[in-house]
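Here are the chains, one letter per residue:
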Amino acid sequence: MRVLIIRLSSIGDVILTTPVLKELKKKYPDIVIDFLVMENFKDSISGCPYIDNLILFNKEKHDGLKNMIAFGKELKKNNYDYVFDLHSKVRSKIISSVISKNVYTYKKRGLLKTILVKTKATKYKVDNTIIKNYFGAFKVLGLEYQGEDLTFSFEQKDVEKLKTLCIEYENVPMIAPGASKETKKWTKEGFAELSKLLYNKYGKKPIIIGSAAEYEMCEKIKNLSGGIAINLAGKLNLKESGALLSKAKFLVTNDSGPFHIARGVKCPTFVIFGPTSPEMFEYDENNKLIYLNEPCSPCSLHGDKNCPQKHFNCMKKLSATRVMEIIEKNGR
């Protein structure tokens, strides 16, 4: 049996498919799994032991209706028994419809619910976790949800890169202050104050990780901390960041890609939620939720540019002292 799984983006959503891939290989050891992802997100899933062939969607080459249809026709030659569309948006729907009639997808929120939340007519409440929804697409193969055991792969060369940093990085607290939307970010002042508390507690300078686009924000946090934190934003690629997190004492992060990378390398993680629903994921002894549960939260599907209530209490009211108390309470 040969199947194609489509999840084009983004970092976290791609990594969240790995529990499904693992169960597929476990239930059907001889299955051939092809995985289609956008080229710029390939590092989220490349090297995954449960994938046989990684197929890349190149925007310059494959975007546009004509090109997507041609791309789908090429993939159709692989004679897939099943196609599982875990992206379920225009691109993936066009491509998958060309490849096969046996296309299965997962239950997404209804249009009415989306409109009600976006117009602030109702609070956002998830129907199920993302991973449980993913598993719903595989009922045809008798696949059953088995938890959120994520996988993120890296190589020894990525570990070797860490040695060139000339800083202490093993068993060091780390923070990831970035996120896709502004309201999903805890305050810079909060991260800076937490950096001081972490240094006083553990005697090691916390390391800030993020993308090159997040460098200035991370540098601001470092400066606000009085130079206590070390800013590595933009200095590591995704695989190297995963290698770094595999050596960390723990990570404090917003709801963002690093949260799932950390889970994928079994790094203890404390994740901060504000306007979005923490019920999108499950938590265990290794992954702890930090959430004030303000009366107006959750208020957003994916976060916004500005707080719709203008006060941003869900993040501003969260103190570094409170975050530190949660970390200590959990024996870190």
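In what follows, the accompanying structure is described. (Residues numbered from 1 in each chain as written. Predicted model: local features only at pLDDT ≥ 70, side-chain atom pairs only at ≥ 80, totals over all residues. Heavy atoms only, no water.)

1. As for the overall build of the chain
Looking only at helices and strands, one finds 14 helices and eleven strands in the chain. Its C-alpha atoms give the chain principal-axis dimensions of roughly 60 × 50 × 35 Å. Looking at the chain as a whole, 53% of its 332 residues qualify as buried. When contacts within the chain are restricted to residue pairs at least 6 apart in sequence, long-range pairs at least 24 apart make up 65% of them. Surface summary for the chain: the accessible area is close to 15,400 Å², and the carbon and sulfur share equals 48%. Put simply, the chain has 54 plus and 37 minus side-chain charges, and the middle of one group is 4 Å from the middle of the other. (Helix = DSSP H or I, 4+ residues; strand = E, 2+ residues; numbered from the N terminus. Buried < 20%, exposed > 50% of the residue type's maximum accessible area, 1.4 Å probe, protein only. Contact = heavy atoms within 4.5 Å. Areas by Shrake-Rupley, 256 points an atom, 1.4 Å probe, with all protein chains shown as cover. Lys, Arg positive; Asp, Glu negative; His and termini not counted. Charge placed at Lys NZ, Arg CZ, Asp CG, Glu CD.)

2. Things to note about empty space enclosed by the protein
One pass over the full model with this rule turns up one cavity of 30 Å³ or more. Taken as a whole, the largest cavity spans an internal volume of roughly 50 Å³. Around the largest cavity, the lining residues are T183, P275, C296, S297, C299, C307, P308, Q309, H311, F312, N313 and C314. Looking at the lining of the largest cavity, its residues break down into seven nonpolar, five polar and no charged. (1 Å grid on protein atoms, 1.4 Å probe; cavity = no way out; pocket = protein on both sides within 12 Å on 5 of 7 lines; lining within 4 Å. Points joined across faces, edges and corners; volume = space filled by probe spheres on them. Nonpolar A, V, L, I, M, F, W, Y, C, P; charged D, E, K, R; others polar.)

3. A word on the packing of helix α4 (residues 65-76) against helix α5 (residues 90-99)
Axis separation between α4 and α5 bottoms out at 8 Å; the angle between their running directions is 40°. Judged by the inter-axis angle, α4 sits oblique to α5. Our pair here, α4 against α5, has a crossing hand that is right-handed. For the pair formed by α4 and α5, the contact residues are L65, M68, I69, F71, G72, K73, L75 and K76 on the first element and R91, I94, I95, V98 and I99 on the second. (Axes fitted to C-alpha atoms, helices over the stretch in contact; angles between N-to-C directions. Parallel < 35°, antiparallel > 145°, perpendicular 65-115°, else oblique. Left-handed = near helix turned anticlockwise from the far one by under 90°.)

4. Comments concerning the layout of surface pockets
Of the volumes computed, that of the second largest pocket is approximately 210 Å³. Among the secondary structure elements, those contributing two or more residues to the lining of the second largest pocket are α9 (188-202) and α10 (215-224). At three residues, α9 tops the list of elements feeding residues into the lining of the second largest pocket. Classifying every residue of the lining of the second largest pocket by side-chain character gives six nonpolar, two polar and four charged.

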